[in-house]
Amino acid sequence: MYNNWEKLEEDCRKCDKCDLCKTRTNLVFGIGNRNADVLFVGEGPGENEDLQGEPFVGRSGKLLDSMLKCIDLDRNENIYIANIVKCRPPKNRDPLPQEQDICIEWLREQVRLIKPKIIVCLGRVSAQRLISPDFKVTQQHGEFIEKNGILFMGTFHPAALLRNPNNKPLAFEDFIKLRDKLTK
Ligand code: URA
Ligand code: SF4
């Protein structure tokens, strides 16, 4: 258990606990406000994220930023963004359950220190990991579930919205619900 963000980040950046360390360019620790009320969690870095060392910087990141802006959230101001695994899975495959099991301990430490009120799971991998193993994004998106004093909500992954823009209005509804929870 860590009580110091700097030490946590320093140790994480050296992590070689799973094979993803062998193929990473940069580890993607996370970005944002360490005192945020809301934490967004994706699945893992893609190519751009691996190259830049920051989560959600590709096309899906641009979409995420624009949706966040609509509800007055900003990665450089009032939220934190991280992933289930911190190193890019080769060819953007899903992180293996075993890789998730190992890496999620870093996320747990981040959650302990940030103490968010709300965790938003971006996409199936994150929601199945953090909310429930059989979570169905199309059926359960936008539902808030309390666990251990934190409200969890799963919504569409921005990359899935780029592939299937028909779901964008549903995702926006989820973000509006999030705004309402935060301003209540
Ligand atoms: N997709 C994710 O799940 N996370 C990122 O950081 C980028 C793309
Ligand atoms: Fe460590 Fe996670 Fe990277 Fe694996 S993916 S090497 S557990 S930081």
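Data block above holds the structure.
Residues numbered from 1 in each chain as written. Chains lettered and ligands numbered in written order. Predicted model: local features only at pLDDT ≥ 70, side-chain atom pairs only at ≥ 80, totals over all residues. Heavy atoms only, no water.

**Some points on the packing of aromatic side chains**
Reasoning step 1: As enumerated under the stated definition, the model contains 4 aromatic pairs in all.
Reasoning step 2: Aromatic pair Y2 and W106: ring centres 6.4 Å apart, planes at 45°, arrangement tilted. Residue Y2 is located in the segment before helix 1 (5-13), and its partner W106 is located in helix 4 (residues 97-114); the two are separated by 104 residues in the primary sequence.
Reasoning step 3: For the ring pair F40 and F175, a centre distance of 6.1 Å and an interplane angle of 35° mean the geometry is tilted. (Phe/Tyr/Trp six-rings, centres within 6.5 Å; stacked < 30°, edge-to-face > 60°. Helix = DSSP H or I, 4+ residues; strand = E, 2+ residues; numbered from the N terminus.)

**Points about the side chain of E109**
Reasoning step 1: Within the secondary structure layout, E109 lies in helix 4.
Reasoning step 2: Among the residues examined, E109 registers a relative accessible area of 9% and is labelled buried.
Reasoning step 3: The residues contacting E109, other than those within four sequence positions of it, are M1, Y2 and L8. (Buried < 20%, exposed > 50% of the residue type's maximum accessible area, 1.4 Å probe, protein only. Contact = heavy atoms within 4.5 Å.)

**Section: the pattern of salt bridges**
Reasoning step 1: Applying the stated criterion across every chain, the model contains 15 salt bridges.
Reasoning step 2: Between D101 and R129 there is a salt bridge whose closest N-O contact spans 2.4 Å. Linking D101 in helix 4 with R129 in helix 5 (residues 124-130), this pair joins segments that are 28 residues apart in sequence.
Reasoning step 3: Each of K7, E10, D11 and K14 takes part in a single network of salt bridges with overlapping partners. (Salt bridge = Lys/Arg side-chain N within 4 Å of Asp/Glu carboxyl O.)

**Points about the sheet that holds strand 2 (residues 38-42)**
Reasoning step 1: The strand order across the open sheet built from 6 strands is 1-3-2-4-6-5, with neighbouring strands paired in mixed fashion. With partners counted over all chains shown, the strands left at the sheet margins are strand 1 (31-32) and strand 5 (144-147), one partner each. (Pairing = 2+ DSSP bridges.)

**Considering the pairing of strand 3 (residues 79-83)**
Reasoning step 1: A large share of strand 3 lies buried, amounting to 5 of its 5 residues.
Reasoning step 2: With burial as the criterion, each face of strand 3 is covered, one bearing I79, I81 and N83 and the other bearing Y80 and A82.
Reasoning step 3: Judged from the 2 bridges that link them, strand 1 and strand 3 form a sheet pairing that is antiparallel. From the neighbouring strand, G32 faces strand 3, where its bridge partner is Y80.
Reasoning step 4: Note that strand 2 and strand 3 share 5 bridges and pair parallel. By the bridge assignment for strand 3, G42 is matched with N83.

**Things to note about the nonpolar core**
Reasoning step 1: Grouped together as the largest cluster of nonpolar side chains are 52 residues, with contacts concentrated most on F40, L130 and L178.
Reasoning step 2: Here this core gets 6 residues from one element, more than from any other, and that element is helix 4.
Reasoning step 3: What L178 contacts, discounting residues up to four positions off in sequence, is V38, F40, I71, L73, I118, V120, F144 and M153. (Core = buried A, V, L, I, M, F, W, Y, C linked by side-chain atoms within 4.5 Å.)

**A word on the side chain of D11**
Reasoning step 1: Along the chain, D11 turns up in helix 1.
Reasoning step 2: In this view, D11 contacts Y2 and W106; residues no more than four positions away in its chain are not counted.

**Details of the pairing of strand 5**
Along any regular strand the residues' side chains alternate between the sheet's two faces.
Reasoning step 1: Strand direction decides the pairing type here: strand 5 and strand 6 (residues 150-155), joined by 4 bridges, are antiparallel. Within strand 6, the residue paired with K147 across the bridge is I150.
Reasoning step 2: Here strand 5 folds back onto strand 6 in antiparallel fashion, the turn holding 2 residues, of which N148 has a positive phi close to 50°.

**Details of the site of ligand 1**
Reasoning step 1: Near ligand 1 the following residues occur: G42, E43, G44, E49, P55, F56, N83 and H157.
Reasoning step 2: Here a nitrogen atom of ligand 1 sits 3.0 Å away from a polar atom, N or O, in the main chain of G44.
Reasoning step 3: In this structure, an oxygen atom belonging to ligand 1 sits 2.8 Å away from a side-chain N or O atom of H157.
Reasoning step 4: Burial of ligand 1 by the surrounding chains reaches 92%, relative to a free accessible area of 230 Å².
Reasoning step 5: Class assignment of the residues belonging to the shell around ligand 1 gives a composition of 2 nonpolar, 4 polar and 2 charged. (Near = heavy atom within 4 Å. Polar contact = N/O pair within 3.5 Å; in protein donor to acceptor, adjacent residues only side chain to side chain. Areas by Shrake-Rupley, 256 points an atom, 1.4 Å probe, with all protein chains shown as cover. Nonpolar A, V, L, I, M, F, W, Y, C, P; charged D, E, K, R; others polar.)

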